[in-house]
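Examination of the molecular architecture
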Amino acid sequence: MSIKGKVVVITGASSGIGAATAKLLAAKGAKVVLGARREERLQALSQAIGDNAVYQVTDVTDRQQVRALIDLAVSKFGRVDVLYNNAGTMPQGNLSDREYDKWQMMLNVNIMGVLNGIGEVLPIMQKQHDGLIIATDSVAGHVVYPASAVYNGTKYAVRAIMEGLRQEEKGHGIRSTIVSPGAVRTELVNTIGNTQIQAGISELMNADDRQGLALNPEDIANAVLFAIDQPKHVAISEVLVRPAQQEV
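The chain is annotated in an unreviewed UniProt entry as Short-chain dehydrogenase/reductase SDR from Lactiplantibacillus plantarum. Entered under Sequence similarities (unreviewed entry) in the UniProt record, the comment concerning the chain runs "Belongs to the short-chain dehydrogenases/reductases (SDR) family."

Remarks on the pairing of strand β6 (residues 174–181)
Remember that side chains alternate between the two faces of the sheet whenever the strand is regular. Burial analysis of β6 places 8 of its 8 residues in the buried class, the great majority of the element. With burial as the criterion, each face of β6 is covered, one bearing Ile-174, Ser-176, Ile-178 and Ser-180 and the other bearing Arg-175, Thr-177, Val-179 and Pro-181. As paired elements, strand β5 (residues 131–136) and β6 share 6 bridges and run parallel to each other. In the sheet register, Leu-132 faces β6, and the bridge partner there is Arg-175. As a crossover connection, the stretch from β5 through helix α5 (residues 149–169) into β6 is right-handed.

Brief notes about the packing of helix α1 (residues 16–27) against helix α7 (residues 217–228)
Relative to each other, α1 and α7 sit at 55 degrees, their axes nearing to 8 Å. The orientation of α1 with respect to α7, classified from their angle, is oblique. For the element pair α1 and α7, the recorded crossing hand is right-handed. Every residue of α7 that contacts α1 at Gly-16, Ile-17, Ala-20, Thr-21, Leu-24 and Leu-25 is listed here: Pro-217, Glu-218, Ile-220, Ala-221, Asn-222, Val-224, Leu-225 and Ile-228. Partitioning the contact of α1 with α7 into residue classes produces 10 nonpolar, 3 polar and 1 charged.

A word on the packing of aromatic side chains
This structure, assessed with the given rule, holds 1 aromatic pair. Ring geometry for Tyr-100 against Trp-103: centres 5.0 Å apart, planes inclined by 75 degrees, an arrangement best described as edge-to-face. Taken together, the positions of Tyr-100 and Trp-103, both in helix α4 (residues 100–128) and 3 residues apart, correspond to about one turn of that helix. According to the relative accessible area criterion, Tyr-100 is partly exposed, its value standing at 48%. Stacked on the ring of Tyr-156, the Lys or Arg Arg-159 has its end atom at 5.8 Å from the ring centre.

Considerations on the nonpolar core
One finds Ile-10, Leu-25, Leu-34, Ile-134, Ile-220 and Ile-228 to be the most contacted residues of the largest nonpolar core, which totals 35 residues. Secondary structure elements with two or more residues in this core: β1 (7–11), α1, β2 (31–36), α2 (39–49), β4 (82–85), β5, α7 and β7 (238–241). Filtering out sequence-adjacent residues up to four positions away, Leu-25 remains in contact with Ile-3, Val-8, Ile-10, Ala-30, Val-32, Leu-225 and Ile-228. Of all hydrophobic cores here, the second largest spans 23 residues; its members include Val-9, Leu-69, Val-114 and Met-125.

Description of the sheet that holds strand β3 (residues 53–57)
Strands pair in a sheet through their backbones, by hydrogen bonds, and they do so in one of two ways: parallel or antiparallel. In spatial order, the strands read β3-β2-β1-β4-β5-β6-β7; together these 7 strands make up an open sheet with parallel pairing. With one partner strand each, in any of the chains shown, β3 and β7 form the two edges of the open sheet. On average, each strand axis in the sheet is tilted by 15 degrees relative to the strand beside it, whichever way the strands run. Along the sheet face, α1 touches β1, β2, β4 and β6 and points at about 165 degrees away from the line of β1. In the packing of α5 onto the sheet, the strands contacted are β5, β6 and β7, and the crossing angle to β6 comes to about 160 degrees.

Criteria and cut-off values
Sequence order as written defines residue numbering, which begins from 1 separately in each chain. Totals for whole chains, interfaces and linings use every residue, but because this is a predicted model, local features are given only for residues with pLDDT of at least 70 and side-chain atom pairs only at 80 or more, for both listing and counting. As a rule here, side-chain values cover all heavy atoms of the structure and leave hydrogens and water aside. UniProt positions are given in the numbering used here, feature names are shortened, and annotations may be inferred rather than shown by experiment. Relative accessibility decides the category of a residue: with a 1.4 Å probe and only protein chains considered, values under 20% of the type maximum give buried, values over 50% give exposed, and everything between is partly exposed. Note on conventions: DSSP H or I runs of at least 4 residues are helices, E runs of at least 2 residues are strands, and numbering of each starts at the N terminus. By the convention used here, strands pair only if DSSP detects at least 2 bridges between them. Place the viewer so that the strands point away; then a crossover is right-handed whenever the path from the first strand over the helix to the second strand goes clockwise. To obtain an axis, a line is fitted to C-alpha atoms, over the contacting stretch when the element is a helix, and the angle between two such axes runs from 0 to 180 degrees between their N-to-C directions. Throughout this description, any angle smaller than 35 degrees is read as roughly parallel, any larger than 145 degrees as roughly antiparallel, any in the 65 to 115 degree range as roughly perpendicular, and the remainder as oblique. If you view the pair so one helix is near and one far, a crossing is left-handed when the near helix is turned anticlockwise from the far one by less than a right angle, and right-handed when it is turned clockwise. The contact criterion used throughout is that any non-hydrogen atoms of two residues lie within 4.5 Å. Polar here means any residue outside two lists: the nonpolar Ala, Val, Leu, Ile, Met, Phe, Trp, Tyr, Cys and Pro, and the charged Asp, Glu, Lys and Arg; Gly therefore counts as polar. Ring pairs shown here join Phe, Tyr and Trp side chains whose ring centres sit within 6.5 Å, with only the six-membered ring taken for Trp; geometry is labelled stacked below 30 degrees between planes, edge-to-face above 60, and tilted in between. Two conditions define a charge sitting above a ring: the NZ of Lys or the CZ of Arg must be within 6 Å of the ring centre, and it must be within 35 degrees of the ring normal. We call a set of buried residues a nonpolar core when its members are Ala, Val, Leu, Ile, Met, Phe, Trp, Tyr or Cys and they connect through side-chain atoms within 4.5 Å of each other.

This is the structure we're talking about:
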């Protein structure tokens, strides 16, 4: 199945995995609709891609803004073939730290952000009787480790939501995919908050590719491309992508 001409909405598109995916899909001929909070980044990315890209400033925790992003795709290109829920945040710390505001932020972005995207695009995809909804999950949604319980919880929740989506909407021709990366060199590291944990992860990010300790955003973009580039009778439900030397 060709990517060319597909209309793909991407949240968290201003950097990292979202930006790399937008560039790759556009290079393959897709029309990309970019959403994120940082307008200057979106504008630069859209200009770099050219006519096959449009953007809308979007905070995924605001349902009205998510709706506006979906509406932009429909008004500009007439349909939505793929929604890629990619926005996320990753504060780290023990539960005993009692960082309630950070916990709430993770729930709002990582879970409600995904649900807002699903809720706003489903009526369009149901009418089309066709569509693919993708979410960036994480290895943290498959394996629990210390100082990450809340983040783990949000990513386990995304797995459950996306599997429920698959079961509920397969009769409407709608498929779902989660892409679960291990350590990736993105700005997500800057949301960790805990200086000791961030220092350790930053060391991984700075490792040479030959060490196999961290992935590049383009590695995950390739996994997203693989999920999209399947015939309609094929559903890629889950893709785990780890650095070759990652332990968990």
